[in-house]
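# Coordinates in review
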Amino acid sequence: MSVIAYLLILGAYLLGSISSAVIFCKLAGLPDPREYGSHNPGATNVLRIGGKLSALGVLFADILKGMLPVSLGFYFELPISVIGFIALAACLGHIFPIFFKFQGGKGVATAFGAIIPMGYAISGCAVGTWLLVFLISGYSSLSAVITALVVPVYVWWFKPELTFPVALVCCLLVYRHHDNIQRLWRGQEDKIWKKLKK
């Protein structure tokens, strides 16, 4: 791989390691999301502990963490395999952030940001799937898991050369939701509707 490729992979991990949830909560005077709610430093938990604007900021910041390095990979016309590693590095940084004692989030927004440069058709289908499941169920976690399961199919249909790296990222997302899956199975998972309506 080229020097640019190595730099982008490292940069993607370091950028992903910036925990926007912790930073936004500190700025807003909210509790540390790693210690309250679901203990997950992500937009959903920031919303859960009472910060609508902060949650929106976290969402956009986490999306950018995935979108920027992958966009640079396409800009420098790096091989598809390298772009896949860049996307994976950004998600790993978010999930295991070196700057925050490796206590990170689930990686959903960052993964979505990573697939945006891969095409509007793919990202549009991903958003549509998430919204459909969320509107039917009210569960953010269920929406994320189902979307992660079907996104590789969308990628295979529109850009098959990206299927393998995207599938790796999606497998990581499903794994990170194993606790949520267990709570969903037991009927103990919280719905987000109440927080959105307040």
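What you are looking at is a predicted structure, and each value in this text was computed from that prediction instead of being measured.

## Digging into the nonpolar core
Counting residues in hydrophobic clusters, the biggest one holds 17 residues, and the most contacted among them are Met118, Val151, Val155 and Val166. Sorting the residues of this core by element identifies α5 (80-95), α6 (108-115), α7 (120-137), α8 (140-158) and α9 (163-176) as the ones contributing at least two each. With five residues, α9 is the largest single contributor of residues to this core. The residues touching Val155, leaving out its near neighbours within four places in the chain, are Ile122, Pro160, Leu162, Thr163 and Val166.

## Here's the deal with the pattern of salt bridges
Where charged atoms from two side chains of opposite charge approach closely, those side chains can pair. Under the defined criterion, the tally for this structure stands at two salt bridges. In this structure, Asp32 engages Arg34 in a salt bridge whose closest nitrogen and oxygen atoms are separated by 2.8 Å. By relative accessible area, which is 18% here, Asp32 ends up buried. Note that Asp62 is salt-bridged to Lys65, the shortest N-O span being 3.4 Å. In this pair, Asp62 and Lys65 are both assigned in helix α4 (residues 52-75), three residues apart and thus about one turn of the helix distant.

## Overview of the packing of helix α1 (residues 3-16) against α5
The N-to-C vectors of α1 and α5 enclose an angle of 25°; their axes lie 6 Å apart at closest approach. Taken together, the axes of α1 and α5 are roughly parallel relative to one another. In this structure, α1 meets α5 at a crossing whose hand is right-handed. Across the interface between the two elements, Ala5, Leu8, Ile9, Ala12, Tyr13 and Gly16 from α1 touch Val82, Phe85, Ile86, Ala89, Ala90, Leu92, Gly93 and His94 from α5. Of the residues that constitute the contact of α1 with α5, the class distribution is eleven nonpolar, three polar and no charged.

## Some points on the environment of Ala28
Position of Ala28 relative to the elements: it lies in helix α2 (residues 20-28). Given the relative accessible area of 44%, Ala28 is considered partly exposed. C-alpha of Ala28 to C-alpha of Ser54: the two residues are 26 residues apart in sequence and 7.1 Å apart in space.

## Brief notes about α1
Between its first and last C-alpha, α1 extends 20 Å over 14 residues, near the 20 Å set by a 1.5 Å rise per residue. Residues of α1 that are buried: Ala5, Leu8, Ile9, Ala12, Tyr13 and Gly16. Angular distribution of buried residues about the axis of α1 spans 130°; they occupy a single face of the element. Opposite the packed face of α1, turned more than 90 degrees from it, sit the exposed residues Val3 and Leu7. Against α4 and α5 lie the buried residues of α1.

## Details of the confidence of the model for the chain
The predicted model of the chain averages 89 in pLDDT, with 96% of residues at 70 or higher. Here helix α11 (residues 193-197) stands out as the element of the chain with the lowest mean pLDDT, 52, in contrast to α1, whose mean of 96 is the highest.

## A look at empty space enclosed by the protein
Under the definition given, this model contains one cavity of 30 Å³ or more. As a volume, the largest cavity reaches approximately 30 Å³. Around the largest cavity, the lining residues are Ala87, Ala111, Ala114, Ile115, Met118, Val166 and Val169. When contributions to the lining of the largest cavity are tallied by element, the ones reaching two or more residues are α6 and α9. Across the lining of the largest cavity, the residue classes tally to seven nonpolar, no polar and no charged.

## As for unusual backbone geometry
For residues besides glycine, phi is generally negative; the peptide bonds are generally trans as well. Its identity as a non-glycine residue notwithstanding, Lys101 has a phi of 55°, on the positive side. Mapped onto the elements of the fold, Lys101 is located in the loop between α5 and α6. Given a relative accessible area of 68%, Lys101 falls into the exposed group. Positive phi, close to 60°, is recorded for Phe102, a residue that is not glycine. Counting through the fold element by element, Phe102 comes out in the loop between α5 and α6. By relative accessible area, which is 48% here, Phe102 ends up partly exposed.

The rules behind each value
- Residues numbered from 1 in each chain as written.
- Predicted model: local features only at pLDDT ≥ 70, side-chain atom pairs only at ≥ 80, totals over all residues.
- Heavy atoms only, no water.
- Core = buried A, V, L, I, M, F, W, Y, C linked by side-chain atoms within 4.5 Å.
- Buried < 20%, exposed > 50% of the residue type's maximum accessible area, 1.4 Å probe, protein only.
- Helix = DSSP H or I, 4+ residues; strand = E, 2+ residues; numbered from the N terminus.
- Contact = heavy atoms within 4.5 Å.
- Salt bridge = Lys/Arg side-chain N within 4 Å of Asp/Glu carboxyl O.
- Axes fitted to C-alpha atoms, helices over the stretch in contact; angles between N-to-C directions.
- Parallel < 35°, antiparallel > 145°, perpendicular 65-115°, else oblique.
- Left-handed = near helix turned anticlockwise from the far one by under 90°.
- Nonpolar A, V, L, I, M, F, W, Y, C, P; charged D, E, K, R; others polar.
- Expected span 1.5 Å × (residues − 1).
- Arc of directions from axis to C-beta.
- pLDDT = per-residue confidence, 0-100.
- 1 Å grid on protein atoms, 1.4 Å probe; cavity = no way out; pocket = protein on both sides within 12 Å on 5 of 7 lines; lining within 4 Å.
- Points joined across faces, edges and corners; volume = space filled by probe spheres on them.

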